[in-house]
Amino acid sequence: MRKSMDQTESRRRFLKFLAASPVLAMGCPTGSVDSLLSLALNITGRSPQDASAQKAAVIAAPDQAINVFDFESAAREKLPPAHWAYMATGVDDDATLQANRTGFSKFQIRPRRLVDVTRVDTTTEIFGAKWKTPIIIAPAGSQRAFHPQGEIATAKAAASRGHLQILSTVTTTSVEDVTAARGGPVWYQLYPTSNWNVAQAMIKRAEATGSPVLVLTVDLPAGRNTETLTRAMRVDTRKCSNCHEASGPAVGFSRKPMFDKLDLNGVDDLFAPGLNWDFVRRLKDTTKMKLVLKGIVTREDAQLSVKHGVDGIIVSNHGGRAEESGRSTIECLTEVIEAVGGRMPVLIDGGFRRGTDIFKALALGARAVCIGRPYLWGLAAFGQPGVEKVLDMLRAELELIMKQAGVTSLDQAKRAYVVEGSR
């Protein structure tokens, strides 16, 4: 009887969450409503019939997946509500999160015919290094919240499939251990905090592991409003204080390994609201690593990046997790490419789920594409094999659309292969 009452109360609380969710109020990105409703079933009192039907639809092994979205439901099945929502959340009304997916529909592919596509070459070169694929593993923090092996499993998957990996400042595994697991250096993403000495210490650690590129995130100067995460936390009955600090300086990141043995007194902000172009110049003077700015989405800032000697750009809105601009990264790409004028490589992230998405970005001028949530779904669902399967599927889809479009190498993927439609 007590169990039944607990289930009823849990159901009531989650339905209140759903009713108040801006995602339902505004119209959702692909799968969002289903995701939320399935999550409600997962944590509330389901009938045995409902539970059986739900589990039958969820893949039990990586090889059962038809596309990367199959890993989303498998990950959701395994994760507690707050951990799932941390991964899935956007900001405010989740409008930018939605835009990142719907933005791809505004561009259509113009296939060419009678081209011998027996073989296609997906290799790309960035800063003199050649990679088997233009698909990059984007930085994502707290990966042990999704799987016990966290970043180690991701690093091993990246190594086994030949992908470039970018490691987050708020990694739950040190840059040294991730580099060892990958068998080679990773790019290091930096949240500089409000203390230069802390930033400098992390830069030195990344340099010592051989990291060739420092990726400075510039799209979170003042934090963010993750309402979807907040609502899910209210229905998660676990004691979060067992793993997360509730108060004190540097809340939320002082336990992360990249902050080990650092003096965090007075450090009250991970995202550095005082970040400006003078700081970019200071970084350039401090490190021998190439400097890439992650979060540039306008022509003006791309031009300033060139002016200040930046080595590369990642067009990014933090997967819809920064400001609520309502604009997709694929729509931002063209003006950034034009402003840069070929003087530095431009990468992009935000909503990539299909090989066709990747092809469109490459044809519009991106050198490579960073993926985030899809590989985290694979990680949460099946660990390293899940990440590997996600990478395999995206690469296979990219190769397929290259053949269908009559493109045999990435340097042939030009603007003429994509047209902007009216949808």
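About the criteria used
Residues numbered from 1 in each chain as written. Predicted model: local features only at pLDDT ≥ 70, side-chain atom pairs only at ≥ 80, totals over all residues. Heavy atoms only, no water. Phe/Tyr/Trp six-rings, centres within 6.5 Å; stacked < 30°, edge-to-face > 60°. Helix = DSSP H or I, 4+ residues; strand = E, 2+ residues; numbered from the N terminus. Buried < 20%, exposed > 50% of the residue type's maximum accessible area, 1.4 Å probe, protein only. Lys NZ or Arg CZ within 6 Å of the ring centre and 35° of its normal. Pairing = 2+ DSSP bridges. Salt bridge = Lys/Arg side-chain N within 4 Å of Asp/Glu carboxyl O. Core = buried A, V, L, I, M, F, W, Y, C linked by side-chain atoms within 4.5 Å. Contact = heavy atoms within 4.5 Å. Right-handed = clockwise from strand over helix to strand, strands pointing away. Polar contact = N/O pair within 3.5 Å; in protein donor to acceptor, adjacent residues only side chain to side chain. Expected span 1.5 Å × (residues − 1). Arc of directions from axis to C-beta.

Enquirer: I'm lost on the packing of aromatic side chains in this one. Help?
Expert: The way to describe two aromatic rings as a pair is by their centre distance and the angle between their planes. Applying the stated criterion across every chain yields a total of eight aromatic pairs. Taking 6.2 Å as the distance between ring centres and 40° as the angle between the ring planes, the aromatic pair formed by Phe69 and Trp377 counts as tilted. Of this pair, Phe69 sits in helix α5 (residues 69-78) while Trp377 sits in helix α16 (residues 373-382), and the two are 308 residues apart along the sequence. A relative accessible area of 3% places Trp377 in the buried class. The residue whose ring lies beneath Arg321 is Tyr86, and the NZ or CZ to ring-centre distance is 5.1 Å.

Enquirer: What exactly am I supposed to notice about the sheet that holds strand β10 (residues 346-349) here?
Expert: Where strands meet in a sheet, backbone hydrogen bonds hold them as pairs that are either parallel or antiparallel. The sheet built from eight strands is open, its strands ordered β4-β11-β10-β9-β8-β7-β6-β5 with parallel pairing. At either end of the open sheet lies a strand with only one pairing partner, and these are β4 (135-137) and β5 (166-167). In this sheet, β10 lies alongside strand β9 (residues 312-315) in parallel orientation, the contact comprising three bridges. Bridge pairing links Ile313 to Val346 in β10.

Enquirer: Would you take a moment to explain the pattern of salt bridges for this structure?
Expert: It is possible for side chains bearing opposite charge to pair when their charged atoms get close. Scanning all chains against the criterion turns up twelve salt bridges. Across the pair Arg161 and Glu388 runs a salt bridge, and its minimum N-O distance is 3.9 Å. Of this pair, Arg161 sits in helix α8 (residues 150-161) while Glu388 sits in helix α17 (residues 384-405), and the two are 227 residues apart along the sequence. For Arg161, a relative accessible area of 26% translates into the label partly exposed. We note a salt bridge from Lys294 to Asp349, for which the minimum N-O separation is 3.9 Å. Placement of the pair is Lys294 in strand β8 (residues 290-294) and Asp349 in strand β10, with a sequence separation of 55 residues. When salt bridges with common partners are traced through the structure, they connect Arg161, Glu388 and Asp392 into a single cluster.

Enquirer: Quick question: what am I supposed to make of the nonpolar core here?
Expert: The nonpolar side chains of soluble globular proteins are, as a tendency, buried together. Grouped together as the largest cluster of nonpolar side chains are 97 residues, with contacts concentrated most on Leu283, Ile313, Leu333, Ile348 and Phe359. With residues up to four places along the chain from it excluded, the contact list for Phe359 reads Ile109, Leu398, Ile401, Met402, Ala405, Val407, Ala413 and Tyr417. Listed in part, the 14 residues of the second largest apolar core include Ile136, Leu164, Val213 and Val292.

Enquirer: Can you walk me through the pairing of strand β7 (residues 213-217) in this structure?
Expert: Taken residue by residue, a regular strand's side chains alternate between the two faces of the sheet. Of all five residues in β7, five are buried, a share of seventy percent or more. A two-sided burial pattern is seen for β7, the buried positions comprising Val213, Val215 and Thr217 on one face and Leu214 and Leu216 on the other. Bridge count between strand β6 (residues 187-190) and β7: three bridges; the pairing is parallel. The residue of β7 that forms the bridge with Leu190 is Leu216. Running through helix α10 (residues 196-208), the crossover from β6 to the neighbouring parallel element β7 is right-handed.

Enquirer: Even after reading the chapter, I still don't get the side chain of Ser174, so can you show me in this structure?
Expert: Relative to the elements of secondary structure, Ser174 occurs in the loop between β5 and α9 (175-182). Given the relative accessible area of 10%, Ser174 is considered buried. A distance of 3.1 Å separates a polar side-chain atom of Ser174 from the backbone nitrogen of Asp177. When sequence neighbours within four positions are dropped, the list of residues in contact with Ser174 reads Leu167, Arg205, Pro257 and Met258.

Enquirer: Any chance you could explain α10 here in plain terms?
Expert: Three or four residues apart is the spacing at which side chains of an α-helix point the same way, because the helix has 3.6 residues per turn. In this model, α10 (13 residues) spans 18 Å end to end at C-alpha, consistent with the 18 Å of a helix rising 1.5 Å per residue. Of the residues making up α10, those classed as buried are Trp196, Val198, Ala199, Met202, Ile203 and Ala206. Taken end-on, α10 shows its buried residues confined to a sector of 160°, consistent with a single buried face. Residues of α10 that are exposed and point more than 90 degrees away from the buried face comprise Asn197, Lys204 and Ala208. Those residues of α10 that are buried lie in contact with β6, β7 and α12 (277-286). You can read the cap of α10 off the contacts: a side-chain oxygen lies 2.8 Å from the backbone nitrogen of Asn197, and it is on Asn195. One or two steps after α10, the chain reaches Gly210, where phi turns positive at roughly 90°.

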